Structure formats: C-alpha cells, structure tokens
Number of protein chains: 4
Amino acid sequence: MDSLYPAGSPGSLRAKTHRVIFLHDTPAGKAFDVALILAILLSVAAVMAESVHSIDAEFGTALRAAEWVVTVLFTVEYLLRLWSVRRPTAYAKSFFGLVDLFAVLPTWASLILPGGQVLAVIRILRVIRVFRILKLAQFVGEARLLGAAVRAARYKITVFLISVMSIVVIVGSMMYLVEGPTSGFTSIPRGVYWGIVTLTTVGYGDIAPATTMGQVLAALVMILGYGIIAVPTGIFTAELAHQSRIARPSLGRRECSDCGRNEPDPEAGFCRYCGTNLARPDE
Amino acid sequence: MDSLYPAGSPGSLRAKTHRVIFLHDTPAGKAFDVALILAILLSVAAVMAESVHSIDAEFGTALRAAEWVVTVLFTVEYLLRLWSVRRPTAYAKSFFGLVDLFAVLPTWASLILPGGQVLAVIRILRVIRVFRILKLAQFVGEARLLGAAVRAARYKITVFLISVMSIVVIVGSMMYLVEGPTSGFTSIPRGVYWGIVTLTTVGYGDIAPATTMGQVLAALVMILGYGIIAVPTGIFTAELAHQSRIARPSLGRRECSDCGRNEPDPEAGFCRYCGTNLARPDE
Amino acid sequence: MDSLYPAGSPGSLRAKTHRVIFLHDTPAGKAFDVALILAILLSVAAVMAESVHSIDAEFGTALRAAEWVVTVLFTVEYLLRLWSVRRPTAYAKSFFGLVDLFAVLPTWASLILPGGQVLAVIRILRVIRVFRILKLAQFVGEARLLGAAVRAARYKITVFLISVMSIVVIVGSMMYLVEGPTSGFTSIPRGVYWGIVTLTTVGYGDIAPATTMGQVLAALVMILGYGIIAVPTGIFTAELAHQSRIARPSLGRRECSDCGRNEPDPEAGFCRYCGTNLARPDE
Amino acid sequence: MDSLYPAGSPGSLRAKTHRVIFLHDTPAGKAFDVALILAILLSVAAVMAESVHSIDAEFGTALRAAEWVVTVLFTVEYLLRLWSVRRPTAYAKSFFGLVDLFAVLPTWASLILPGGQVLAVIRILRVIRVFRILKLAQFVGEARLLGAAVRAARYKITVFLISVMSIVVIVGSMMYLVEGPTSGFTSIPRGVYWGIVTLTTVGYGDIAPATTMGQVLAALVMILGYGIIAVPTGIFTAELAHQSRIARPSLGRRECSDCGRNEPDPEAGFCRYCGTNLARPDE
C-alpha cells in the first residue's frame, strides 16, 4: 500500500489528492483519515441498526438514505484512489483495494439483484477498513511488533493448535461413548464441539455431562484447558519480550567510540566497559 | 493531589489539619486514613444492604440513620479539605475533589428531590474513594509501575481492541446470517453480543448456536478467543518486565564511590554516570 | 516445622522415630511419606464417597470401618509426633500440628456428640496434610520460588484486587439500575455477584442481562475482564522471571579463579571474560 | 523413532522404502508425509461422520467403503514399516508403532467380533498419527523447546496442581454443607465438580449456588480462579523465555574461529568452550 506511488508530477492535483487520501502526514490527510473512520463507523452502525426489527420499522427510510449517502461517498473515494495512484490495477488487486471495492459493491448490486439479506450483511465487512488507521504513525511500530511476534511464533502456535485439536477429537469421542445421546452427546462431532466449549473455558452449558464418569472426564478437560492456556500465552509473551528487546534499545543506544560496545542505558554518561566519556568522545 | 499545598503558615491549625487529612506520614494521618477507609466500606455495604428487600424491611431505619451519620461525617471532611488546602477551587475541580463531593451530594439532594432509586445508587461511587489508600507509601511505587506499564502499552492495546471489535462485528454478522432468529440471533447487535460473550470465554449460554454450521463457526471463535488472550497478557507482561527492570533496586547493584549513584549492571566495570572505576575505587 | 529438633539423644528410639516421621532423607522416612500420602488420599476419598447416597447405602459400613482404621492410625502418628519432637507444645501449636489434630478430632468427637454432617465434612481438611509432600527435596525449592514471587508481588496484587472489587461494585450497581428485578438483578449484591461471574469470565448464565442497555454494559465488562486478566498474569510472570533469575544460576555457576567473575553457563569450559580454563584453574 | 536404522544395504529397495516412509528429507518422503496426513484427516473425518445418524443413513455404505480403503492402505504402510526397519520388534513396541497398529486393528477386528461402537470409536485415535508431522524439520526445534519448558517446570506444575486440587476439595465440601441438595450440591463429589467448573472459569451453570452464603463463597472461588491462572502462565512463560534464551541463535552470536561453536553472549571476549580470543582470532 505504502509502496503505491502517486500518479502525476509532484505538485499536480493528482499528486495532492494521493497525498491526502493515501498518506497521513499532512493536516488535510489527517482530517481525511478522521472523516473516513467516522464514516466507516457510522455506516457499520447503520448496517447493524437495520438488522434490528424495531429500529428498522421506525427509522428504515432514514437508514437506507444514509446508506446511499455513504455508498456514494465511498464510491467517489474509491474512484479517487484509482485515479490518483500510479498503478491503479495494482491497487485494485491489493487487499485494501478489494476491501474498498466490496464496501460499495453490495449497495450498487441491490439495484439490479433482488436485494437479499446476505448482500446487506456483506456491507459489515467495511469494518475492516478501520484497519487503515493502523497505518497512522503511532500504530505502525506497535502493529509491526505484534505481527513480528506472531510470525516468529507461528510454528510453536501450529504445534499447540494440532495438540489442542487432537485432544478435543479424542476427548469428544470418549464423551460420546461415555455419555451417549441422553445428555446431548448425540454424535462425535457434538462431543468435539462440547470439548472445544469446555477446553477453551467458554462453558455454555448447552451440553453438559450427566454421568459420574462423564463429569470426571469433563473435570480433567477443564483443568487441562485451564492449564494449557499458559502455552499460547507463554509463547507469545516470550516472543514479544524478545522482539521488544531487539526493537527497543536502538532508539537510545549509543556506540562507545573507544571500545565499540553499545551502551543501552540512555542516561549513561560513560561507557560501562571502558569508562570512555560517551558525550564528548574526543575527551 | 499531592501537589495541593496546605493553606496557612506551618504549625497553624490549618496546616496541621491539612497534614492529617491529605498526607499519610504522621500517626494521626495514618489513623485518619484507616478510619476513612472503614467509613467508606461501611457506607458502601449499607447502600448495598439497603437494596436487598428483606434486609431493608427489617433494618431500613437503622440503615438510613447510618447513612445520615456517614453523610454528615463525609461533609465535614469535605469542608475541612476545602478549608485546609491552599487553593480550594483547584481541589474542588480535581478528580478526587469531585468524587468527595458526589459522595455526599445524593443524600443531601434526597431532602429536596423526591429521592429516586438512581440518586440512592449513585452513593455507591463512594467506593472510588478507597483508591485514596493507593496514595499510601507501600502502594505508590507499585501502582505507578502498573500505571506506567499500561500507559507504555496503550498503542498495542488499542491495536488489540480494534482487532477484537472487528472480529466480533464480522463474526456476529455471520452468525446472524447462519443461525437466524430461531436460536436467538434475532439481529446483528445480538450476534455481536454473542460474539463478545464467546470470544471472551464468558459463555453464558443464553444464546447458543443450534445449527452445525453455526457450531463450527462458534468453535472457531472459541479457539480464537482462547488463543488471543495471549496478546493482552503478552503485551502487559513484556511491558511490566521492562518497567520493573528499569525501576527495580537490583541486588547486585553497587554504589559508585565517586558520584554515589547505583550501577545496576553487575558486569559493569565503570560507573556509567561519572566513569569512576567501580572495581578499584581508589584508582 | 523443619526447625523442630528431635527429642532424645542421637541414635535413641525417639530420635529415630523423629527422623522417620519428620524428615525425608532416609529410605524409612520416604516410605513413611508415601504411606502417609496414600492414607490421606484414601481417607479423603472415603469422606467424599460417604456423602454420595447410593455409595453410602451400599458400602456405608465398610466406609465407617475404614474411617476408624484411618483415625486410629492418624492418632498414633499424631502421638508419635508429639513424643518424638523436642518441644511438643511448639509442634502442637504450629500450623501442621493443628492440621494433624483436626484430622482426627471430628471422628473421636462423633463418639460423644451426636455426629452432625458438619463434623463429618471437617475431616475433608485432611487434604491439607498432602502439602507435607511439598517438604520433599524436589519440591522445596520450587514451592519456595512460587511463594517468593507471590510475596514480592503482594502490593501489586492488592492494588489489582481493590480495582477489581471497585469495578465490580460499580458495575453491579449500574446493572441493578438498568436491568431491574425482571432479569434477576433483584438487589445490588446480586448485581455485584453477576459482575464477578462476568468479569472473571466464569459466566454461569443464571443471571444474564435482557435489555439492550444491560447487554452493552455486560459486553464492556466482559472485554474488560478478558483484558485485565493480563494484569495478575503479568505481575506474577515478571516476578517469577525475576526470582528465577536470582535463584537459577547459583546451581551451575562457577567463579573464575582469575578474574573472579561468575560464569552462568554450566557447559562453559573457559571464562568468557578473561579466557581462563575453568576446569583446571591452575593451568 | 529417528534412531531406527534402515534394514538392508544402502541403495537397496528396503533402504529406499525406509527413507520415504520414515524420513522427511527427500521429495518422495515429503510427498508421502503429505499423503499420510491427508489420509489420516479424511479417515478421522469419516469416523466422526459415521457417528452422525443423518449422515450415516445417507452415506453409510460410502463411509464404510472408504474405511476399508484407508484400513488396507494403513495396513500396507504398517507392514512396509515393519519390513524396512532394521529392528522390527523395536519399532512395533515403540509408541508410534503401537499407534500405527491400533489405527488398523479395530477395523480388522470388526470382521471377527460383532462390531461394537467402542471398537469403531477407537479408530479416532488415528488422530495421534498426525503428530508424526511434528517430526518435520520446521517443527522439531519448536516442539522440543515447548517440551523442554514443560519438563523444566514439572515440579512447579505439580505444586500448582496439588494446590488447585486441595482448594477444590475443600471448597466443594463447604458448598455441599452450605448449599445442600436443593441447588444441585447433592454430594461432596458434585461439590468438587462444581468447584472445578467454577475455579477453571468454565462456568456451565448446570449447578449454581442459590443461597447468599453460597454465592459469596462462589464469588471468592471465581476471583481466586481468575487470579491463580497467573500461576501456570507465569511458570510456563518464565521457563519458555529461559529455554529460548539458551536455544535461540542470537543475532549478535559469533562463531569461534578455533572450535567453530557459537558464542551467544555478545559481551563475551573469549570462547567459552576453548578459550580462543573472539575479538582477535589471529592471536
């Protein structure tokens, strides 16, 4: 996204439009970001409100009018993005390009197609557009750090997920054998569903063991679920602490002119290894 | 709060009153703190008890008498605070100043207004006054450390909250489509409510999916919720560990013979502040 | 407990008995520990089984017989402990001394008093005696480490608990106002109970909000509860990591004979700071 | 498993078969792994589908046919494993050898025995075979790291589990006394079951306290459960961070010019294994 360069020469209207819409470093660009976020939130709220019968009965006409206003605005925005970017097809095919398109398509499609409920609900995906806000300066580094930690932990997370799925399949099958259909365990998939509900400590209670054997097994699953939540937490925490350690000190860290070692403490006045004055290295 | 200086000259009654009420470093000040905490807890317990019909029927008169005693005491305390502080309006407008005012206002207001239930319940906000205890010596550092960790992690937490809200909106809408009103998903907002109940692993069970498709989706949300609890935990843990490392008076820390500052790194050979050789201070 | 010295001269029967019963460093002592743990677990299982009507109807006589066997054994053990320890009253007043006494008292008391259910259930406290196992070599260090981490974090935990209790009181009162008795919020204490059930993500579903306003408030409480679980986890993790760092390296750490620095890596053959051979310091 | 050497001379058909089936370092071996995982997942899905009445009624014949195809394939695979490995009995007695055998046994047994439901469900244990995937290169290190962290924390985890079980037994007994059979606490074991459901924050709601005293006790258990989840999380996180620090190929790590080993400490001046000066390797 950031690599999509503006179309037109610097200073031209297209370049200026690009700067406002795609970047966040000018007052106009920031105002545009805020307006966009507000429009997205209002539009999502409208879609949600429309699905409530009592609200729809009373304010239906206003909501549909608001929907068209938002759709026209988002369409203009989409066209301006296509126009102001150097490679429109690259933008159109990018993740946010598709999200921008799908934010307006359902409403236009409802003119032609007999507007189904599915079509209306798809508009809720506009909420994804809020993630553009994460491109703002304050969030870039933090979001990247979180992303890096997740990526670095992906194999550990896979090992954990395979283990959880296997436990849940085995436990769900055992409960199906032990409990049977009387207490809701009518099939292995339902047993597995119960296993997930229990292991993740959600515990709806729509299916619950009734036999002693089943309750003993359920108790084991609960303690297991309560305990192994430590695993994803531990994986992510260790990884995040490591990523932070890599990313953090670079801001204040200075290299000693004498021994070449890094001084991580930004308050230090002298190198802790050789005693060289860090502030005036020529001393 | 701590920056609110006493009114009157040192040694005067106003300065002494200020010391007892606002500070915690004299026996009288500590006794006042303990008495205040007890009064707050008793008063909150009384408000809670009053809302229980069976208790109110039997002890109603006693509870209302206790309420007036507490209100008069808190009012006297509030007036003393106003009187003993150098800038009364600054105190009155401060967070705790307002809390102190709202602790007594509802009871006095009930004399004029026909005392509604809302007015009575507002008194429960007195519980906030308990946080004055966090100004006591033992807690200051700890509370500040926790606060610093939360502040340092605010952008990461925002990224996390935006992600959670987006997931919940999308998942809630999908469940509304998949399940429909028969199993309680009567609107998108209800779907989102279910999404929050499930993702946070609360799992009331008042709304639960009934179709296979809905249960598969629910299982995914549960595993997601079970897994991503690692994110706030990881963020806060990494931040707190970092804050502690900065703040903790280390065991291996040595004091510099020259500048008197503590050197936390046990491997350091030279004071980082003045460059004195730590191993042979006589050098 | 460990400081309770044996009665009698070394080698005497009393000293030998003391060694077997109180210490864990002889084969006889270890065998005694294992037998004791088994007796405790069986006895607790028997108390639990006795409370189940169907089991009690069939095996009641056998369970009561087993109870008397265990009680006599535990009484003999208690008397031996009193006899073999140098200061019997110190032991009798110690935590485990009282636990040992209360493990046998209810059964003897049932001979005199008409045996109530309360008396029978008190016997379940025998389960506390299992913690004697934590005195075994492998567990001492680990249990101490966990204890040290909890102690070091006690002020932070208090800050957290005060915050949680305040949130729950305020939120519970708001729900009482918003929801009212129709959906189960009949009083503020019930609202607070609901608040705890929700904030801790337990989510029984016995009381659940029915109004839109109540569900919005509930959703906020859930997300808060889901998020702030990071706080105790972060506190404990940071503290435990710190305690481990202090405690861990001392086991394998060797001091360099030349530069005096500690080498934390047990696999290192040479000092990482000056290159001295750690295995043969005279080289 | 990896230590099971191939039968036959290198280059022979048996050695080649061994390489494909047991190892993952050739294209054929990787293709075999993928095919095996797919066959396992399909077979597990079939067992699950068979337990659903509506699916079984319609696709029963197809599912049973698929079952036989998979069984024959797994049997051939099992026999090839036995044939290609140098010590067949060692493999047959190994964990995965037994898992491989039990993956096919139930189906063959159903020819002789009147096929019970238990026999059919045992086939679900095939899901364990998926863990062979953890032998793939990317996962070996990660799975080993997680395993090492769990092993290193085993005594701490035991202390935690003993504490949790003791709390749950005591609390369950108290609830049995306080609540009695009217609200579902018909025996101590049911109280303990409720205790586990509540402490682990699962919260089915199938048994919930009805008296004030019981709800106060339940609230304490919830807050305790909410808080002490910090313990396993802290234990595992601290251990994993420690294991990672040992294992991670650091950015600043340098290779010793003399012995070729990596020195992870960026501050080290000398190789910890052979004492070579890392800064000036030509010395």
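The rules behind these values
Residues numbered from 1 in each chain as written. Chains lettered and ligands numbered in written order. Predicted model: local features only at pLDDT ≥ 70, side-chain atom pairs only at ≥ 80, totals over all residues. Heavy atoms only, no water. Helix = DSSP H or I, 4+ residues; strand = E, 2+ residues; numbered from the N terminus. Buried < 20%, exposed > 50% of the residue type's maximum accessible area, 1.4 Å probe, protein only. Areas by Shrake-Rupley, 256 points an atom, 1.4 Å probe, with all protein chains shown as cover. Contact = heavy atoms within 4.5 Å. Salt bridge = Lys/Arg side-chain N within 4 Å of Asp/Glu carboxyl O. Polar contact = N/O pair within 3.5 Å; in protein donor to acceptor, adjacent residues only side chain to side chain. Nonpolar A, V, L, I, M, F, W, Y, C, P; charged D, E, K, R; others polar. Least-squares fit on C-alpha atoms with pLDDT ≥ 70 in both. Phe/Tyr/Trp six-rings, centres within 6.5 Å; stacked < 30°, edge-to-face > 60°. Lys NZ or Arg CZ within 6 Å of the ring centre and 35° of its normal. Patch = residues over 30% accessible without salt bridge, like charges linked within 9 Å, V, L, I, M, F, W, Y side chains within 5 Å. Lys, Arg positive; Asp, Glu negative; His and termini not counted. Charge placed at Lys NZ, Arg CZ, Asp CG, Glu CD. Buried area = accessible area lost by both parts, 1.4 Å probe. pLDDT = per-residue confidence, 0-100. Axes fitted to C-alpha atoms, helices over the stretch in contact; angles between N-to-C directions. Parallel < 35°, antiparallel > 145°, perpendicular 65-115°, else oblique. Left-handed = near helix turned anticlockwise from the far one by under 90°. Expected span 1.5 Å × (residues − 1). Bend = angle between axes of the 7 residues up to and from the residue.

### Quick look at the overall build of chain A
In terms of helices and strands, chain A carries 11 helices and 2 strands. N-terminal to C-terminal, the α/β element order of chain A is α-α-α-α-α-α-α-α-α-α-α-β-β. Evaluated residue by residue, chain A yields a buried proportion of 51% over its 283 residues. Accessible surface, chain A as shown: approximately 13,300 Å² in total, 68% of it carbon and sulfur.

### Some words on unusual backbone geometry
Positive phi, normally seen in glycine, also occurs at B:T201, with a value near 60 degrees. The topology assignment puts B:T201 in the loop between α10 (188–199) and α11 (212–228).

### Quick look at the interface of chain A and chain B
Across the boundary between the two partners, chain A contributes 58 residues, which contact 53 residues of chain B. At the boundary of chain A with chain B, the tally comes to 0 salt bridges. Taken together, chain A and chain B are joined by 5 residue pairs in polar contact (both at pLDDT 80 or more). Sorting the residues of the side of chain A that touches chain B by element identifies α2 (27–50), α6 (117–122), α7 (137–152), α8 (154–179), α9 (188–199), α10 (212–228) and α11 (230–247) of chain A as the ones contributing at least two each. Class assignment for the residues of the side of chain A that touches chain B results in 38 nonpolar, 12 polar and 8 charged.

### A look at the relation of the copies chain A and chain B
Mapping chain A onto chain B is achieved by rotating through 90 degrees and translating by 0.0 Å along the same axis, at an RMSD of 0.1 Å. Such a turn and shift between the copies fits a four-fold axis.

### Here's the deal with the packing of aromatic side chains
According to the stated counting rule, one finds 21 aromatic pairs over all chains in the structure shown. Residues D:F95 and D:F96 carry aromatic rings whose centres are separated by 5.4 Å and whose planes lie at 70 degrees to one another, so their mutual orientation is edge-to-face. Overall, D:F96 belongs to the buried group, its relative accessible area being 12%. Sitting above the plane of the A:F22 ring, A:R81 keeps its charged end 4.9 Å from the centroid. The aromatic ring of D:F74 is capped on one face by D:R129, whose charged end is 4.7 Å from the ring centroid.

### A look at the relation of the copies chain C and chain B
When chain C is fitted onto chain B, the two copies agree to an RMSD of 0.1 Å after a turn of 90 degrees and an axial shift of 0.0 Å. Each copy contacts the other with its own distinct surface, as only 15% of the interface residues of chain C are interface residues in chain B too.

### What about a positive patch on the surface?
On the surface, A:R245, B:R245, C:R245 and D:R245 cluster together into a positively charged patch. Along the polypeptide, D:R245 turns up in helix α11 (residues 230–247). D:R245 gets classed as partly exposed once you look at its relative accessible area, which sits at 46%.

### As for the interface of chain C and chain B
Opposite the 47 residues of chain C that make contact, chain B presents 49 residues. With both sides pooled, the region where chain C packs onto chain B buries about 4,200 Å², and carbon together with sulfur makes up 74% of that total. Three residues, C:Y155, C:M222 and C:Y226, lead the burial of chain C against chain B; their summed loss comes to 17% of the area buried on that side. Linking chain C with chain B are 0 salt bridges. Looking at the side of chain C that touches chain B, the elements with two or more residues in it are α9 (154–179), α10 (188–199), α11 (212–228) and α12 (230–247) of chain C. Counting residues per element, the side of chain C that touches chain B draws most heavily on α9(C), at 12 residues. Grouping the constituent residues of the side of chain C that touches chain B by class yields 28 nonpolar, 16 polar and 3 charged.

### Quick word on the confidence of the model for chain A
Residues and elements named next belong to chain A. Per-residue pLDDT for chain A has a mean of 82; in total, 84% of the residues score no lower than 70. No element of chain A has a lower mean pLDDT than strand β1 (residues 254–255), which averages 50, and none a higher one than α9, which averages 94. Contacts for the low-pLDDT stretch residues 249–254, under 50 throughout, to residues beyond four places or in other chains number 13 contacts. Interface confidence for the predicted complex, given as ipTM, is 0.82, next to a pTM of 0.84.

### Some thoughts on the packing of helix α8 (residues 154–179) of chain D against helix α9 (residues 188–199) of chain D
All names here are of chain D. Running from amino to carboxyl end, α8 crosses α9 at an angle of 125 degrees, the nearest separation of the two axes being 7 Å. Of the possible angle classes, the one that applies to α8 and α9 is oblique. Regarding α8 and α9, the two cross each other, and that crossing is right-handed. Residues V164, M165, I167, V168, V169, V171, G172, S173, M175 and Y176 of α8 touch α9, and the partners they reach there are I188, G191, V192, W194, G195, I196 and L199.

### Focus on the packing of helix α3 (residues 53–84) of chain D against helix α5 (residues 95–112) of chain D
Residues and elements named next belong to chain D. One way to put it is that α3 packs onto α5 with a least axis distance of 9 Å and a crossing angle of 135 degrees. Here α3 lies oblique to α5, going by the angle between them. In this structure, α3 meets α5 at a crossing whose hand is left-handed. Contacts from E67, W68, T71, V72, F74, T75, Y78 and R81 of α3 reach α5 at G97, D100, L101, A103, V104, T107, W108, S110 and L111. In terms of residue class, the contact of α3 with α5 is built from 9 nonpolar, 5 polar and 3 charged.

### Looking at helix α5 (residues 95–112) of chain A
One turn of an α-helix holds 3.6 residues; hence residues three or four places apart share an orientation. All names here are of chain A. Compared with the 26 Å implied by 1.5 Å per residue over 18 residues, the 26 Å span of α5 between its first and last C-alpha is a close match. In the structure, α5 departs most strongly from a straight axis at L105, where the bend amounts to approximately 35 degrees and where the proline P106 lies between one and four residues downstream. Buried within α5 are the following residues: F96, G97, V99, D100, A103, V104, P106 and T107. In this structure, the buried side of α5 is in contact with α3 (53–84), α4 (88–93) and α6.

### Some thoughts on a nonpolar patch on the surface
All names here are of chain A. Nonpolar side chains collect at one region of the surface, where L13, W68, V72, V76, L80, W83, W108, L111, I112 and L113 lie side by side and expose about 960 Å² of accessible area between them. Elements represented by at least two residues in the nonpolar patch include exactly α3 and α5. Ranked by residues supplied to the nonpolar patch, first place goes to α3 with 5 residues. Position of V76 relative to the elements: it lies in helix α3.

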